[in-house]
Amino acid sequence: MIRTLKFLLSIQLKRSKGIQQVDGFTLIELLVGMILAFLIITPLLGFMVNILDTDRKEQAKANSEQEIQASLDYIARDLQQAIYIYDATGIACLTGTTDTNTPNTCPNASTNQLPSPTATDRVPVLVFWKRELVSQAITITGTQKDDTFVYSLVAYYLIKDSSTTWSNAARIARWQIKDGVADPGGQACTGYTGKYVTDSNNKYCPSPGFALFKLDGAGTITQKMNAWTKATASYTADTTVLVDFIDQTKTDDASNPAPTAVCSLTSVPASFSVPASFNTRDTAKMTSFYACVDRVNTTAQVFLRGNALARIQNDNLNYKDSSKTYFPNASIRVQGRGYLFTK
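As the structure is a prediction and not an experimental result, all values here were calculated from the model.

So, on to the overall build of the protein. Looking only at helices and strands, the protein has four helices and ten strands in total. Counting from the amino terminus, helix and strand elements in the protein follow one another as α-α-β-α-β-β-β-β-β-α-β-β-β-β. For the protein, buried positions account for 42% of its 343 residues. When contacts within the protein are restricted to residue pairs at least 6 apart in sequence, long-range pairs at least 24 apart make up 66% of them. When the accessible surface of the protein is summed, it comes to about 19,600 Å², and 55% of that surface belongs to carbon and sulfur atoms.

Structure, rendered in structure tokens:
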């Protein structure tokens with residue numbers, strides 16, 4: 001028994017000595033380990049940060065591409081209902097300015113017929129008349145109703161201001177006024193002598209300020225459409241933003257000017273819907289939203305260029321050739337399905 005206890009005690013003493021002889025890391029070993037870890041982890045962290053930043057930019061670019069295409073599709077559907085599209089000269093007439101591209105006499109050269117006549121932070125790019133469907137507006141018998149069409153004036157604006165609601169880039173907004181649904185036995189609407197379909201919310205009344213174009217009398221259709229004058233009532237229709245994050249780079253920027261606007265329509269090689277007389281406005285110097293208009297064939301080619309960088313940073317937003325992949329662009333050509341005819 002004593003021998004056994006001595007044997008076990010000797011084994012335990014040996015194990016205790018073995019544990020006591022285990023040495024830790026020296027200070028030099030710790031420093032070397034830390035340096036090696038730093039040299040390995042730092043590049044990995046930089047690599048991961050670069051991947052995350054690239055992914056963020058690619059996501060911003062993808063979002064811009066999707067929004068640009070969706071906006072073009074919306075404008076295309078709108079233009080398909082057009083019966084008349086104003087070219088640069090026509091817009092100059094409606095805005096009370098003089099278009100130096102094409103010599104033309106505007107009957108209302110001193111009067112702006114479009115909204116926000118004194119605003120200098122926006123410019124009308126695409127203005128047209130269209131026939132708009134109004135569903136279930138006319139009563140046939142009892143509860144049976146039928147659809148009808150009314151004329152409406154639509155304007156798309158390029159806007160760049162200091163609003164904190166929107167991005168530091170430009171944006172596109174849509175404005176519209178339309179005629180009412182006539183009904184000889186209906187209700188009267190404020191500012192108009194005719195009768196219109198009765199509705200408690202007056203939704204079938206003409207938009208305040210609306211007046212239908214006049215095609216009677218002497219002159220061409222172009223002259224008559226350029227002579228359109230709004231009603232006496234003030235506009236109440238507001239512009240609705242269609243898309244934000246549109247490139248705000250101007251053509252006169254010294255270091256990185258915006259790309260030049262080019263028309264591929266052979267019938268209008270140099271006619272843009274942004275009149276030359278608007279060149280005093282910054283928005284008229286931007287080529288991120290413009291349209292080449294063939295008013296004879298009711299056709300427009302619309303160009304859009306977004307700014308994905310404005311989604312992820314607040315400065316250095318101007319267009320550069322080195323970063324043009326973050327300025328997605330697209331275009332579409334649309335012909336209106338309607339037309340105007342006078343004897």
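Don't stop here, the text continues.
Going through the model one piece at a time under the given rule, you end up with one cavity of 30 Å³ or more. A volume near 60 Å³ is recorded for the largest cavity. For the largest cavity, the lining is made up of twelve residues, of which Asn 112, Pro 115, Ser 116, Pro 124 and Arg 281 are closest to its centre.

Moving on, we come to the sheet that holds strand S7 (residues 240–246). An order of S1-S2-S3-S4-S7 is seen for the five strands of this open sheet, with the pairing classed as antiparallel. Two strands bound the open sheet, and with one partner strand each, they are strand S1 (82–85) and S7. For this sheet, the mean angle separating the axes of adjacent strands, direction not counted, is 20°. For strand S4 (residues 170–178) and S7, the ladder comprises four bridges, and the chain directions are antiparallel. The residue of S7 that forms the bridge with Ala 173 is Val 241. Docked against the sheet, helix H2 (residues 27–79) engages S1, strand S2 (122–141), strand S3 (144–159), S4 and S7, running at close to 145° with respect to S7.

Overall, the coordinates contain nine salt bridges when judged by the stated rule. A salt bridge links Arg 311 to Glu 67; its shortest N-O distance comes to 2.6 Å. One end of the pair, Arg 311, is in the loop between strand S9 (299–305) and strand S10 (329–335); the other, Glu 67, is in helix H2, with 244 residues separating them in the sequence. Looking at Arg 311, the relative accessible area reads 24%, which means it is partly exposed. Residue classification places Glu 67 among the partly exposed positions, given a relative accessible area of 31%. The salt bridge partner of Asp 87 is Arg 295, with a shortest N-O separation of 3.1 Å. Of this pair, Asp 87 sits in the loop between S1 and helix H3 (88–94) while Arg 295 sits in the loop between strand S8 (289–294) and S9, and the two are 208 residues apart along the sequence. Among the charged side chains, a salt-bridge network with shared partners connects Asp 78, Lys 130 and Arg 174.

Before going further, it helps to spend a moment on the nonpolar core. The nonpolar side chains of a soluble globular protein tend to be buried with one another. Counting 28 residues, the largest nonpolar core has Tyr 86, Trp 129, Leu 153 and Trp 228 as the members making the most contacts within it. Per element, the largest residue contribution to this core is four residues, and it comes from S3. Formed by 27 residues, the second largest nonpolar core is a distinct cluster that contains Ala 76, Leu 158, Val 243 and Ile 246.

The next point concerns the environment of Lys 250. Note on placement: Lys 250 falls in the loop between S7 and S8. When the C-alpha atoms of Lys 250 and Lys 285 are compared, they prove to be 5.0 Å apart, with 35 residues separating the residues in sequence. In this structure Lys 250 touches Pro 257, Ala 258, Asp 282, Lys 285 and Met 286, once residues within four positions along its chain are discounted.

Before going further, it helps to examine the pairing of S2. Across three bridges, the pairing between S1 and S2 is antiparallel. Looking across to S2, one finds that Tyr 84 is bridged to Trp 129. In this sheet, S3 lies alongside S2 in antiparallel orientation, the contact comprising 15 bridges. Across the sheet, the residue bridging to Val 134 is Thr 148, located in S3. Between S2 and the antiparallel strand that follows it, S3, lie two residues; Gly 142 among them carries a positive phi value of about 60°.

A separate point is the sheet that holds S9. Spatially, S8-S9-S10 is the arrangement adopted by the three strands of the open sheet, whose pairing is antiparallel. Two strands lie at the open edges of the sheet, namely S8 and S10, each paired on one side alone. Across the sheet, the axes of successive neighbouring strands diverge by a mean angle of 15°, strand direction being ignored. In terms of strand pairing, S9 meets S10 through seven bridges, oriented antiparallel. By the bridge assignment for S10, Phe 303 is matched with Ser 331. Those strands touched by H2 are S8, S9 and S10, and its axis lies near 10° from that of S10.

Calculation criteria
Counting restarts for each chain, with residues numbered from 1 along the sequence as it is written. With pLDDT at 70 or above as the cut-off, local features in this predicted model cover only qualifying residues; side-chain atom pairs require 80 or more to be listed or tallied, and sums for whole chains, interfaces and linings still use all residues. Hydrogens and water molecules were not included; the side-chain quantities draw on all heavy atoms of the structure. For the purposes of this entry, the term helix denotes a DSSP run of H or I that reaches at least four residues, the term strand denotes a run of E that reaches at least two, and both are numbered from the N terminus. Burial classes follow relative accessibility: with a 1.4 Å probe on protein chains only, a residue under 20% of its type's maximum area counts as buried, one over 50% as exposed, and anything between as partly exposed. Whether two residues touch is decided by their heavy atoms; if any such pair falls within 4.5 Å, the residues are in contact. Accessible surface area values rest on a Shrake-Rupley calculation with a 1.4 Å probe, where residue burial reflects the displayed protein chains alone. Grid spacing is 1 Å over the protein atoms alone, the probe is 1.4 Å, and a cavity is where that probe fits but cannot get out, while a pocket is an open set with protein on both sides within 12 Å along at least five of seven lines and lining residues have an atom within 4 Å of a point. Grid points are joined across faces, edges and corners, and a volume is the space filled by probe spheres set on the points. The pairing criterion is simple: DSSP has to find at least two bridges between the two strands. For helices, the axis comes from a line fit to the C-alpha atoms of the stretch in contact; other axes are also lines fit to C-alpha atoms, and the angle between any two N-to-C directions lies between 0 and 180 degrees. Any carboxyl oxygen of Asp or Glu that lies within 4 Å of a side-chain nitrogen of Lys or Arg is treated as forming a salt bridge with it. To form a nonpolar core, buried Ala, Val, Leu, Ile, Met, Phe, Trp, Tyr and Cys residues must be joined to one another through side-chain atoms within 4.5 Å.

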